[in-house]
Each structure stands twice: as C-alpha cells, then as structure tokens.
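Each chain, written out:
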Amino acid sequence: MTSAGGTAVAVPTGFELRTPHDWVDFSVADEASENRVADDVWTRAREGGFTEEQSGQYAEQLRRSVRQARNAGAVHAAGTFQVYEDGALIATVLVSVVTPPATGDIIGALTAVAQPAHADGTWRRVGTAQIPAIGTVGRVHGIQNVSQDGVTMRCAVMHTVVPLPGATNVLVVTGSSPNLAEAEEIFELFATITATLTFSYEGEASALTPPAASPGEVGS
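Treat the numbers as computed from the prediction; the structure is a model and nothing was measured. (Residues numbered from 1 in each chain as written. Predicted model: local features only at pLDDT ≥ 70, side-chain atom pairs only at ≥ 80, totals over all residues. Heavy atoms only, no water.)

1. A few points about the nonpolar core
Formally: For our purposes a nonpolar core is just a set of buried Ala, Val, Leu, Ile, Met, Phe, Trp, Tyr and Cys residues, chained together by side-chain atoms within 4.5 Å. Using a 1.4 Å probe on the protein chains alone, a residue whose accessible area is under 20% of its type maximum counts as buried, one over 50% counts as exposed, and one in between counts as partly exposed. Secondary structure follows DSSP: runs of H or I at least 4 residues long count as helices, runs of E at least 2 residues long count as strands, and numbering of each begins at the N terminus.
Within the largest apolar cluster, 28 residues are counted, with the highest numbers of intra-cluster contacts made by Leu-17 and Leu-171. Mapped onto this core, the elements with two or more residues apiece are strand E3 (74–84), strand E4 (87–98), strand E5 (123–131), strand E6 (135–148), strand E7 (151–163), strand E8 (170–177) and helix H4 (183–194). Core analysis: the second largest hydrophobic core is formed by 16 residues, Val-37, Val-66, Ile-90 and Leu-94 among them.

Printed below as a string of structure tokens:
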C-alpha cells in the first residue's frame with residue numbers, strides 16, 4: 001500500500017509481544033489445546049492446596065478463555081495461573097486481528113466514545129496510550145461482565161487497539177483477569193506487556209493472517 005504522498009508503506013506480517021517469565025504461551029488451534037491448558041491449571045491448583053472442586057472451576061474458566069479466543073479468531077494467547085497464600089492469580093492476554101466496522105480514524109472514534117459508569121459497578125474508560133515501537137494507540141479498560149460459553153463473570157479488562165501500517169485491519173491486544181481486588185495492578189501489568197509490542201515484516205514468522213494452526217510468536 002502507498003501513503004497519500006505516494007510513498008510505499010510496508011505492511012507488517014507478524015508481531016512480537018513479551019510476557020513475564022512465569023507466563024505461558026498456549027495454542028488456540030483446536031479443542032486439544034483447551035484440554036491441555038485445563039489439565040495444567042487443574043494440576044497447579046491441586047498442588048497449590050485447592051480442593052478438587054476449586055481446581056475444576058479454575059480449569060474450566062481457562063478452558064472457556066481458550067475456546068473463546070479460538071472462536072474469535074485470535075492469533076495468539078498467553079496467560080498465567082499462580083497460586084499465592086491469599087488465593088490464585090489468573091490473567092490472560094489475547095492478540096487478534098480485527099477488521100473495523102467502519103473505515104477512518106479508529107483511534108479518534110474510540111476516544112469520542114462516552115465513559116459511562118453503571119449502577120452495578122461496571123465501568124470503562126476510553127483514551128489513548130503510547131507504545132514505544134509503534135506510537136499512539138487506542139485503549140479501553142474497565143471492570144466488565146464477560147460472557148464465555150453462556151457463563152458470565154466480572155473481570156478487569158483492557159483492550160488496546162493498534163492500527164496496522166498500510167492495512168485497514170487493526171491489531172487488538174486484550175488482557176482479562178477475574179482478580180478484581182488487584183484491578184489497578186492488573187491494568188498496569190497489561191499496559192506493561194502491551195508496551196513491548198513490535199511488528200515484524202516479510203521474511204519473519206507470519207502472525208497477522210490468522211490461520212488456525214499458526215499462533216503468533218511471543219518473545220520471552
């Protein structure tokens with residue numbers, strides 16, 4: 001694609017996103033990936049002292065997250081399940097390629113959206129952020145009710161919308177966690193992870209066309 005001034009604009013073919021060392025990258029390719037994630041979480045929870053029922057609940061929650069990611073066309077997913085004395089920390093980050101419903105200034109459209117707070121305690125804030133290697137991006141974060149396979153739970157959620165150079169699609173990085181008591185720290189964590197985003201170009205591993213069996217690569 002060329003810019004308005006006639007200069008060719010390189011279209012990225014992939015991305016890199018760094019996550020903390022205690023996070024794991026997991027495939028969203030098929031149902032088997034759901035089972036692997038669920039089994040791993042169940043084992044960690046039991047080793048951490050949780051009951052079979054609690055472990056099953058945590059495992060099913062992560063299973064639904066992987067299924068939702070696959071159904072939504074995510075190109076990559078990463079997450080963590082850590083057991084502490086006061087409970088478990090659960091968080092996931094999904095990377096998706098999305099075609100906006102309308103052409104034009106996606107960031108301008110985002111920042112023009114109202115910032116409501118609801119009587120049930122859910123809320124969202126809309127604005128922009130800076131990613132060092134990319135520039136200005138759109139961001140929506142807040143406490144939302146998230147539905148997965150017919151089950152609704154309240155989560156701290158952050159969406160970062162990244163325009164793709166030379167393309168009409170956008171890259172969306174979504175962080176989600178049910179750990180509401182640590183919401184502010186969770187938002188900082190998601191912002192830190194998203195700030196590591198960089199694009200890769202032809203000749204490097206492709207991640208921006210979402211074939212089911214080719215998740216995007218994430219650096220450590």
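Back to the text.
2. Some words on the side chain of Ser-177
So the rule is basically this: Residue contacts are counted whenever heavy atoms from the two residues lie within 4.5 Å of one another.
Of note, Ser-177 is situated in strand E8. Judged by its relative accessible area of 0%, Ser-177 is buried. In this structure, Ser-177 is in contact with Ile-90, Ala-91, Cys-155, Ala-156, Ile-186 and Phe-190, ignoring residues within four places of it in sequence.

3. Let's talk about the pairing of E8
We count it as follows: In this analysis, strands are considered paired if DSSP registers two or more bridges between them.
Along E8, 8 of the 8 residues are buried, which leaves the element largely enclosed by surrounding structure. Burial along E8 is two-sided: the face carrying Val-170, Val-172, Thr-174 and Ser-176 and the face carrying Leu-171, Val-173, Gly-175 and Ser-177 are both buried. Pairing geometry for E7 and E8, over 8 bridges, is antiparallel. Each residue of the ladder has a partner; that of Val-162, found in E8, is Leu-171. What sits between the antiparallel neighbours E7 and E8 is a turn of 6 residues, in which Gly-166 has the positive phi angle 70°.

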